[in-house]
Number of protein chains: 2
Amino acid sequence: MVQIPKPPAAEPPAPRSVPTSADVARLAGVSRATVSYVLNDSGSVRISEPTRRRVRDAARELGYVPHAAARSLRAGHSRMVLMPAPSFPAGPLYSRFLSDLQWALARLDYTAVQYGSVGLRGYEAARAWAELRPVAVLVPGADLDPQGVEVLKRSGARAVVTLGPEAVEGAHALLTDQEGVGHGAARHLYDRGRRAIGVVVPAEGGLDVFSAPRLAGAHRAVRGTGATVTALPLAYDEREAARLAARWGSLGLDAVFAYNDEYAMLLMRALQDAGLDIPADAAVIGADDLMLGRLLRPRLSTVHLELPAGRELAALVDRAVRDPGAAPERRKVLGATVVHRESS
Amino acid sequence: MVQIPKPPAAEPPAPRSVPTSADVARLAGVSRATVSYVLNDSGSVRISEPTRRRVRDAARELGYVPHAAARSLRAGHSRMVLMPAPSFPAGPLYSRFLSDLQWALARLDYTAVQYGSVGLRGYEAARAWAELRPVAVLVPGADLDPQGVEVLKRSGARAVVTLGPEAVEGAHALLTDQEGVGHGAARHLYDRGRRAIGVVVPAEGGLDVFSAPRLAGAHRAVRGTGATVTALPLAYDEREAARLAARWGSLGLDAVFAYNDEYAMLLMRALQDAGLDIPADAAVIGADDLMLGRLLRPRLSTVHLELPAGRELAALVDRAVRDPGAAPERRKVLGATVVHRESS
DNA sequence: TTGAAAGCGGTACCAT
DNA sequence: ATGGTACCGCTTTCAA
């Protein structure tokens, strides 16, 4: 550390503004260019050791921190990967996936940034993202249309990846096969001899992206078999669940795919409290394979979902960035496998 | 829309680069200044309606999107509120809080950005955040030291707010009173006649920020009463829980504060499977007041935690930004109230 | 009503 | 080995 003489006590602490590389240069008695060379360890330019020290000390002394915006403005690009915050409430599965991904991207020297674009949709949202000039954009859900992809690419995004049920023209797609989840669940119930299957559809907003295809998948699973699939709207609330359980008998159902493990827990509890035996009177299956399913009695059958590993996705992004011209990849993720336990 | 003559069919589509305001100006036949005036609806300058139209059309035509970095570089400030991603696994409570906050900040015209600073700690992490020149920084957990605050402020952050158990010199603090959570839980158990209290301490990394003060609070609650508090390390895993349950008798405990509702569910299940009666043989209390607690049998007692409302926190940030000189606020959040149900 | 030009904070080419 | 300088894209005085 460089020692600086203490100013006279009377002198008011100057309201110092943010130090720039020019300030560092001045203090070190060198040019801005030299400062840049030293602090970036520029390989092609040789700077004497004493000068390096002077610059480094000056920078430390001033608490200099480079200005990322200025740097990337000059460079003409950044390594920011933008991830709009999802419009749906993030579950534990997604949270884990995110931090995984951030870690993996960091290893490839990308900076992952989650951006809360509240209130904006479609093209407007994409514009807001584009203003940040990210090198790549990873959009969860279905909040992106072809126009959005276009504007992102035109503003320099070298990779646009969607993570959701549908591919978007021009963008790479990680297809979360929600339809397959519903199909697997209903198919499992059918195979266990059930013929009248309820499918919980959460009343909560933002979840339809998932619930609609899951319901559709269930329908497909029983098509032509004579078995039936019935949509069961349900809010995530004890009373709502109790109400549904109360009219269970009148529904004539013998099984239910409860959307996910949390709704399954809710509904199963309500059914049990209503005096029903699980799985005799009603088979129940959830999805997500959360720990809580294993802790329930009877143990909850579920559909295990395998989100893509962070590494893999990061690698995809990296590939796309390096070769923006390549044809959009379109890959199914969410290996959905039924885990049969005791509730079905 | 402005009609442009179609180029000869043979001409290859030029690999167009990102359009700038200069391109818009060129196409509209005006200066860059005029473009800026028009697109920003500058109040102080009057531009004729025909010119405005020409500029707007040109911008649309090119798919022009302003460059946020250039803009804030010129402006000398941004409205970005930076929130480093927490180093602990985000639970449902925190997720909800976050999206609440983002919404509230957006209403005040701030842009909330979550930044995954993987692998960096303390001063280094703060430096990385400072490079983005956010107008405010909101740091969850305990990943900030006074040096970090200093570097952030020196790089122009007008508000630094920590959300965690301890205040940091120079920063506003929202004190999540984890110690009070442990105190409330243990106190409750003591009041219910329990005298040998176990406190689950998660083995998972990153959770010690919470678990240590909770344990300390439990200790304080029984100080001088003759009752005991015993730390119970536990990984979030069925087998681990079963192992702990198996040696429950030898521990001589009659109650347990299970860190949170999820660990409580895990442990309660294991204890029940080991043939113990809840709460007769062991009183159990969790924390967070998640829905799942209400669905367990016996219903789980818990400590309800009230995170600050997004609005409030956003207002605090806004106040701090407007008056950076003000003395750091230091406010307790996390109103911890015991919810007594059946498990204790 | 519009344009010319300076400058925000860096980086990198070209001289010296 | 170092310094001068142009430039990245945008905003904003000041002049015309």
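Rules of the game
- Residues numbered from 1 in each chain as written.
- Chains lettered and ligands numbered in written order.
- Predicted model: local features only at pLDDT ≥ 70, side-chain atom pairs only at ≥ 80, totals over all residues.
- Heavy atoms only, no water.
- Near = heavy atom within 4 Å.
- Polar contact = N/O pair within 3.5 Å; in protein donor to acceptor, adjacent residues only side chain to side chain.
- Helix = DSSP H or I, 4+ residues; strand = E, 2+ residues; numbered from the N terminus.
- Pairing = 2+ DSSP bridges.
- Axes fitted to C-alpha atoms, helices over the stretch in contact; angles between N-to-C directions.
- Contact = heavy atoms within 4.5 Å.
- Nonpolar A, V, L, I, M, F, W, Y, C, P; charged D, E, K, R; others polar.
- Buried < 20%, exposed > 50% of the residue type's maximum accessible area, 1.4 Å probe, protein only.
- Right-handed = clockwise from strand over helix to strand, strands pointing away.

Under an unreviewed UniProt entry, the name given to chain A is LacI family DNA-binding transcriptional regulator, and the source organism is Streptomyces parvulus.

### Structural notes on the protein's contact with DNA strand D
The environment of DNA strand D is formed by 27 residues, the closest being A:Arg46, A:Thr51, B:Arg32, B:Tyr37 and B:Arg74. Those atoms of DNA strand D that come within 4 Å of the protein belong to sugar or phosphate at a rate of 58%. Contact distances for DNA strand D include 2.6 Å between a phosphate oxygen and a side-chain N or O atom of A:Thr51. Here a base oxygen of DNA strand D sits 3.0 Å away from a polar atom, N or O, in the side chain of B:Tyr37. Elements supplying a minimum of two residues to the surface near DNA strand D: α2 (32–39) and α4 (68–75) of chain A together with α2 (32–39) and α4 (68–75) of chain B.

### What about the sheet that holds strand β7 (residues 228–234) of chain B?
Residue and element names in this part refer to chain B. The sheet built from four strands is open, its strands ordered β7-β6-β8-β9 with parallel pairing. Single-partner strands in this sheet number two, and they are β7 and β9 (283–285). The sheet shows a mean angle of 25 degrees between the axes of neighbouring strands, direction not considered. For strand β6 (residues 196–202) and strand β8 (residues 255–257), the ladder comprises three bridges, and the chain directions are parallel. The residue bridging isoleucine 197 from the neighbouring strand is alanine 255, located in β8. Its contacts with the sheet place helix α8 (residues 178–191) against β6, β8 and β9, and it is angled at close to 165 degrees to β8.

### What to know about the protein's contact with DNA strand C
Close contacts around DNA strand C come from 28 residues, with A:Arg32, A:Tyr37, A:Arg74, B:Thr34 and B:Thr51 the closest. At a separation of 2.8 Å, a phosphate oxygen of DNA strand C approaches a polar backbone atom of B:Ser31. At the level of elements, α2 and α4 of chain A together with α2 and α4 of chain B are the ones that each hand at least two residues to the surface near DNA strand C. Top element by residues in the surface near DNA strand C is α2(A). It accounts for four residues. Residue composition of the surface near DNA strand C, by class: twelve nonpolar, ten polar and six charged.

### Some details on the environment of B:Pro213
Residues and elements named next belong to chain B. Of note, proline 213 is situated in helix α9 (residues 208–222). You can call proline 213 buried: its relative accessible area is 18%. In this structure, the C-alpha to C-alpha distance between proline 213 and leucine 307, residues 94 residues apart in sequence, is 17 Å.

### Structural notes on the pairing of strand β6 (residues 196–202) of chain A
All names here are of chain A. Of all seven residues in β6, six are buried; the element is thus mostly enclosed. Taken together, the seven bridges between β6 and strand β7 (residues 228–234) define a ladder with parallel strand orientation. Across the sheet, proline 202 pairs through a bridge with leucine 234, a residue of β7. Of the crossover connections in this fold, the one passing from β6 over helix α9 (residues 208–222) to the parallel β7 is right-handed.

### Points about the sheet that holds strand β2 (residues 111–115) of chain A
A sheet is described by the order of its strands in space; here twelve strands give the open sequence β11(A)-β5(A)-β4(A)-β3(A)-β1(A)-β2(A)-β2(B)-β1(B)-β3(B)-β4(B)-β5(B)-β11(B), paired in mixed fashion. Single-partner strands in this sheet number two, and they are β11 (330–333) of chain A together with β11 (330–333) of chain B. Mean inter-strand twist for the sheet, computed between neighbouring axes without regard to direction, equals 20 degrees. Pairing geometry for strand β1 (residues 80–84) of chain A and strand β3 (residues 136–140) of chain A, over two bridges, is parallel. By the bridge assignment for β3(A), A:Leu82 is matched with A:Val137. Contacting β1 (80–84), β3 (136–140), β4 (159–164), β5 (172–176) and β11 of chain B, helix α14 (residues 310–322) of chain B runs over the sheet at an angle of about 150 degrees to β4(B).

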